[in-house]
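Tertiary structure, described
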Amino acid sequence: MKTTSSLFIGLLLLLLGLSAGSIADPGKNTDSKQGSVSIMSTPDLFPLTSEWAGAYNRLHPGMQIKVISAPYDNSELGTNENLSFIANKSQAAVQNQGNWKMAVGREIIVPAMNAGNPLMNEILKRGISADQFAQMIINPEKQNWGTLLGTAQNAPIHIYMVNDETIKAAIARFIQVTQIPDNSITMGNSAEVIAAVQKDPYAIGFCKITHILNPKNQSLVENIRLLPIDKNGNGSLDQLEDIYRDMALFQRGVWIGKYPRALYSNIFAISKVPPSGESELAFLRWVLTDGQQYLDSKGYSELVNSESQSQLDNINTNVISIPPTGDANLRGLFLIIILAFIALIVMANMLVTRFRNKKSSPGGVHKMHSPGFDENAVIVPNGLYFDKTHTWAFMEKDGTVAVGIDDFIQHVTGMITRVEMKNPGDTIKKGELLVSLIQSGKQLNLYAPVSGTIKSKNETLITNASFLNSSPYAAGWVYLIEPLDWFKEIQLLDMAEKYKRWLNTEFTRVKDFLAATLKHDDIEYAHIVLQDGGMLKDGVLEEFGPKTWEDFQTKFLDNYR
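Residues numbered from 1 in each chain as written. Predicted model: local features only at pLDDT ≥ 70, side-chain atom pairs only at ≥ 80, totals over all residues. Heavy atoms only, no water.

The next thing to look at is the overall build of the protein. Counting its secondary structure elements, the protein contains 19 helices and 20 strands. Every one of the 561 residues in the protein was classed for burial, and the buried ones make up 49%. Once local pairs closer than 6 in sequence are excluded, the contacts in the protein between residues at least 24 apart make up 72%. Split by element, the accessible area of the protein, about 26500 Å² in all, is 54% carbon and sulfur. (Helix = DSSP H or I, 4+ residues; strand = E, 2+ residues; numbered from the N terminus. Buried < 20%, exposed > 50% of the residue type's maximum accessible area, 1.4 Å probe, protein only. Contact = heavy atoms within 4.5 Å. Areas by Shrake-Rupley, 256 points an atom, 1.4 Å probe, with all protein chains shown as cover.)

Encoded structure:
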């Protein structure tokens, strides 16, 4: 009730403020309100930005995007309230932490190899480290697969590289040299390099990822594989480094930091302050969605879906604009109509929420977050069966089984913004993917406590995923399942008291995970880990990035799968 009231009051104040601003300066008319947006672009991005602008202008003739090419040393790039598009991560505007910036694309440099390389199994097992690449490139006498992998295979390594300054600079950064030697590398255009690697089983080619992708299905072109990189240099391609077998996995791995930072860079939309004009926001939304298709032809990679959604979540604030008019009475009437409409929505939402929370459901507990949580703060209702994947099951009177997530995991994730569920009619086995919890693009997967056929899913979660936080055992139920082997599988589940004792160890595991994950220089995260008395901060993962969430998935949740 308090949260709803606060939301309502906040909306009232927002609208009143907007109205006051309009009354105070009725003649004010910004460029974006006129349907025109000026964007500055560095020379390397000018062709892409121009194509984006042209395509958008054709779709929306009423709003014109103007692109201005600006030299790299232009002091206005990213330092005023207009948008700038910049790819060079060393630019001062990108480095300035005070600027607003958002990734809209990416440039990825990769080593590629022939899919028929006779040493493929050994390469996929070990990967190649930055030091090994350096020795191989700098010393022609070490361009041998046997020397590289420590095997008896003495086949020579033939190195090819696309003759592109961006690629050469990225490889130089990666192997930590000032300049790439050209006496032991065959240079060529992208088509020549890819063709050479396709024909030569012992070749390595350096190029952009877009050079070796089929634009129709985003799969690798024929007879080409990505050469895996041993990022930590320990002589083995560890589980967290193994992102090279699937393109979707690779692209996501780049985003969350599993790929060497020297080999990729982001395209940024930058301005001094967050954009607020309707035309600017509409253009940015389009760039993050339909506009992504234009990246490939210019040598850049699209953002992964979760990343795009995360960026959209950051800019998708509803902008309510009151049309400027000289008639104060008309403006007041318009404001009253909007307020009345919002009031009706809020009241309806309160009634619906109250009704859903009274639904006959296991453990009917409704709760909100507290500043911190420990073993005593987690709710574990009696009568439910709990699985170590942090899910629960409860048999209803009609024989169907309700399943959902436990209170512990929602305390760890913090506010859940979206949920991905299966559909009625789908079958599911114990230990298979049950539901994906998403928070601004970051994701955790939870697994099924029992097997069966999904009879229905909680449609409310599609628009109100936060019920998983506020009422995980009632309004936040996930599915009703027709069980396959209920009495056998509940032998593997725990009842409340035993589960509570087990959760004590989970608190220790979370603290150990955080201690192992955080480096000594992660000072900015120190305040969110532990509080006085050893309590974990509620929503402890909220302020961490996608890589930490990925590590939490593999190192913490997947252990019990």
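This brings us to the sheet that holds strand 17 (residues 442-447). Strands in a sheet are paired, the pairing made by backbone hydrogen bonds, and the direction either parallel or antiparallel. With antiparallel pairing, 3 strands are arranged side by side in an open sheet as 14-16-17. The open sheet is flanked by strand 14 (418-421) and strand 17, the only strands paired with a single partner. If you compare each strand with its neighbour and ignore which way they point, the axes differ by 20° on average. As defined by bridge partners, strand 14 adjoins strand 16 (residues 433-439) across 4 bridges and the pair is classed as antiparallel. If you follow Val 419 over to strand 16, its bridge partner there is Leu 437. Helix 19 (residues 546-555) rests against strand 16 and strand 17 of the sheet, and its axis sits at about 15° to strand 17. (Pairing = 2+ DSSP bridges. Axes fitted to C-alpha atoms, helices over the stretch in contact; angles between N-to-C directions.)

What follows covers the pairing of strand 5 (residues 158-162). The buried count for strand 5 comes to 4 of 5 residues, which makes it a mostly enclosed element. Taken together, the 4 bridges between strand 5 and strand 7 (residues 203-208) define a ladder with parallel strand orientation. By the bridge assignment, Met 161 is partnered in strand 7 with Phe 206. Both strand 5 and strand 6 (residues 186-188) contribute to a ladder of 3 bridges, which runs parallel. Across the sheet, the residue bridging to Tyr 160 is Thr 186, located in strand 6.

Here the focus is the packing of aromatic side chains. The description of two aromatic rings rests on the distance between their centres and on the angle between their planes. Under the defined criterion, the tally for this structure stands at 20 aromatic pairs. On the basis of an interplanar angle of 65° and a centroid distance of 5.9 Å, the ring pair of Phe 133 and Phe 206 is categorised as edge-to-face. With Phe 133 in helix 5 (residues 130-138) and Phe 206 in strand 7, this residue pair connects regions lying 73 residues apart in the sequence. Judged on exposure class, the residue Phe 133 and its partner Phe 206 are both buried. Consider the rings of Phe 386 and Tyr 473, whose centres lie 6.1 Å apart with planes at 85°: the pair is edge-to-face. Within this pair, whereas Phe 386 is found in strand 11 (residues 385-387), its partner Tyr 473 is found in the loop between helix 15 (467-470) and strand 19 (479-483), the two being separated by 87 residues in sequence. Phe 386 gets classed as buried once you look at its relative accessible area, which sits at 1%. (Phe/Tyr/Trp six-rings, centres within 6.5 Å; stacked < 30°, edge-to-face > 60°.)

Bringing the packing of helix 2 (residues 46-59) against helix 10 (residues 278-288) into the picture now. Where helix 2 contacts helix 10, the axes come no closer than 11 Å and their chain directions differ by 110°. One way to sum up the angle between helix 2 and helix 10 is to call them roughly perpendicular. Viewed along their axes, helix 2 and helix 10 form a crossing whose handedness is right-handed. Residue-level inspection shows Trp 52, Ala 55, Tyr 56 and Leu 59 of helix 2 in contact with helix 10, the latter providing Ala 282, Phe 283, Trp 286 and Val 287. (Parallel < 35°, antiparallel > 145°, perpendicular 65-115°, else oblique. Left-handed = near helix turned anticlockwise from the far one by under 90°.)

We now examine the confidence of the model for the protein. For the protein, mean pLDDT is 82; residues scoring 70 or higher make up 80% of the total. Taken together, the stretch residues 15-34 has pLDDT below 50 and engages in 24 contacts with residues farther than four places along the chain or on a different chain. Residue range residues 520-529 is modelled with pLDDT below 50. Its contacts to residues more than four positions away, or to other chains, number 16 contacts. (pLDDT = per-residue confidence, 0-100.)

Let's shift gears to the side chain of His 390. Relative to the assigned elements, His 390 resides in the loop between strand 11 and strand 12 (391-395). Residue His 390 is classed as buried on the basis of its relative accessible area, which comes to 1%. Not counting residues up to four positions away in its chain, the partners in contact with His 390 are Gly 404, Ile 405, Asp 406, Phe 408, Ile 409, Leu 446, Tyr 499, Trp 502, Leu 503, Glu 506, Phe 556 and Leu 557.

Let us now look at the environment of Ile 209. Examined against the element boundaries, Ile 209 turns out to sit in the loop between strand 7 and strand 8 (224-226). The exposure class of Ile 209 is buried, given its relative accessible area of 0%. Sequence spacing of Ile 209 and Leu 220 is 11 residues, and the spatial spacing of their C-alpha atoms is 8.9 Å. Those residues within four positions of Ile 209 in sequence are excluded, and the remaining contacts are Ile 108, Val 110, Leu 226, Met 247, Phe 250 and Ser 301.

Along helix 8 (residues 190-199), the residues classified as buried are Val 193, Ile 194, Ala 196 and Val 197. Taken around the axis of helix 8, the buried residues stretch over an arc of 160°, which confines them to a single face. Among the exposed residues of helix 8, those pointing more than 90 degrees away from its buried face are Ala 191 and Lys 199. Elements that come into contact with the buried residues of helix 8 comprise strand 4 (100-114), strand 5, strand 6, strand 7 and strand 8. You can read the cap of helix 8 off the contacts: a side-chain oxygen lies 3.2 Å from the backbone nitrogen of Ala 191, and it is on Asn 189. (Arc of directions from axis to C-beta. Polar contact = N/O pair within 3.5 Å; in protein donor to acceptor, adjacent residues only side chain to side chain.)

Another aspect to go through is the sheet that holds strand 12. Sheet architecture is open: 6 strands sit in the order 11-12-13-19-18-15, paired in antiparallel fashion. Each of the sheet's edge strands pairs with one partner strand only, and the pair in question is strand 11 and strand 15 (427-428). Where strand 18 (residues 452-457) and strand 19 come together, 5 bridges link them in antiparallel fashion. Its bridge partner lying in strand 19, Thr 453 is registered against Glu 482.

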